[in-house]
Amino acid sequence: STYGQNVDVWAIGTMLYEMMALKHPFQDSNPMLLYQKILSGTVDPIETNYPPPLTDIALNILKTDPKERDEIKDILKNNYLIKKAQELGIVE
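Residues numbered from 1 in each chain as written. Predicted model: local features only at pLDDT ≥ 70, side-chain atom pairs only at ≥ 80, totals over all residues. Heavy atoms only, no water.

Trainee: Where do I start with the overall build of the protein in this structure?
Mentor: Tallying secondary structure elements over the protein gives five helices and zero strands in all. For the protein, the N- to C-terminal ordering of α and β elements is α-α-α-α-α. When its C-alpha atoms are laid out on the principal axes, the protein stretches across 45 × 30 × 15 Å. Residues counted as buried form 24% of the 92 residues belonging to the protein. Once local pairs closer than 6 in sequence are excluded, the contacts in the protein between residues at least 24 apart make up 55%. By element, 57% of the accessible surface of the protein is carried by carbon and sulfur atoms, the whole surface being about 6700 Å². (Helix = DSSP H or I, 4+ residues; strand = E, 2+ residues; numbered from the N terminus. Buried < 20%, exposed > 50% of the residue type's maximum accessible area, 1.4 Å probe, protein only. Contact = heavy atoms within 4.5 Å. Areas by Shrake-Rupley, 256 points an atom, 1.4 Å probe, with all protein chains shown as cover.)

Next up, the structure:
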């Protein structure tokens, strides 16, 4: 597969998950099992006090199948993110 924007979105999802869950989304000491976990896209729920819309964004952009993963334009149109950006005065 070729490198593109979808890979960047997945990488953002990985970082967002790590910041929220304080752990890597895919963990295993065995490289082959780690590879299988990444391919399956199975991650633990984020057990924090973050609002569900934010955890949903993180989990959705970690989907292994790029066709199921939100694109950056979809993420930027997310009502929760828009509302928070407005509250912070980032956008009008």
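Trainee: Would you explain the pattern of salt bridges in this entry?
Mentor: Side-chain pairs of opposite charge can arise whenever the charged atoms involved come near each other. In the structure shown here, the tally under the stated rule is four salt bridges. Measuring nitrogen to oxygen at the nearest pair gives 3.2 Å for the salt bridge that ties Glu 87 to Lys 84. Of this pair, Glu 87 and Lys 84 are both found in helix α5 (residues 79-87), three residues apart, which corresponds to roughly one turn of the helix. (Salt bridge = Lys/Arg side-chain N within 4 Å of Asp/Glu carboxyl O.)

Trainee: Would you take a moment to explain α5 for this structure?
Mentor: Because an α-helix completes one turn every 3.6 residues, residues spaced three or four positions apart along the sequence face the same direction. The opening residue of α5, the one whose side-chain oxygen lies 2.8 Å from the backbone nitrogen of Tyr 80, is Asn 78. Looking one or two places after α5, you find Gly 89, whose phi comes out positive at around 75°. (Polar contact = N/O pair within 3.5 Å; in protein donor to acceptor, adjacent residues only side chain to side chain.)

Trainee: What am I meant to see in the nonpolar core here?
Mentor: Most often, soluble globular proteins keep nonpolar side chains buried together rather than apart. Residues Tyr 17, Met 20 and Ile 46 are the most contacted members of the largest nonpolar core, which totals 15 residues. Of all the secondary structure elements, the ones that give two or more residues to this core are α1 (5-21) and α3 (52-60). Counting residues per element, this core draws most heavily on α1, at five residues. Among all residues touching Tyr 17, those that are not within four sequence positions of it are Leu 22, Lys 23, His 24, Pro 25, Val 43, Asp 44, Pro 45, Ile 46, Ala 58, Leu 59 and Leu 62. (Core = buried A, V, L, I, M, F, W, Y, C linked by side-chain atoms within 4.5 Å.)

Trainee: Help me understand the packing of α1 against α3 in this model?
Mentor: Packed helix pairs are specified by the crossing angle of their axes together with the interaxial distance, meaning the distance between the axes. Two elements in contact, α1 and α3, have axes separated by 8 Å at closest approach and are oriented at 135°. When the axis of α1 is compared with that of α3, the two are oblique. You can see that α1 and α3 cross each other, and the crossing is left-handed. Across from Gly 13, Leu 16, Tyr 17 and Met 20 in α1, the residues of α3 making contact are Leu 54, Thr 55, Ile 57, Ala 58 and Leu 59. When grouped by side-chain class, the residues that make up the contact of α1 with α3 number seven nonpolar, two polar and no charged. (Axes fitted to C-alpha atoms, helices over the stretch in contact; angles between N-to-C directions. Parallel < 35°, antiparallel > 145°, perpendicular 65-115°, else oblique. Left-handed = near helix turned anticlockwise from the far one by under 90°. Nonpolar A, V, L, I, M, F, W, Y, C, P; charged D, E, K, R; others polar.)

Trainee: How do you make sense of the environment of Leu 22 when you look at a structure like this?
Mentor: Structurally, the position occupied by Leu 22 is in the loop between α1 and α2 (31-40). Overall, Leu 22 belongs to the exposed group, its relative accessible area being 74%. For Leu 22 and Ala 11, which are 11 residues apart along the polypeptide, the C-alpha to C-alpha distance reads 16 Å.

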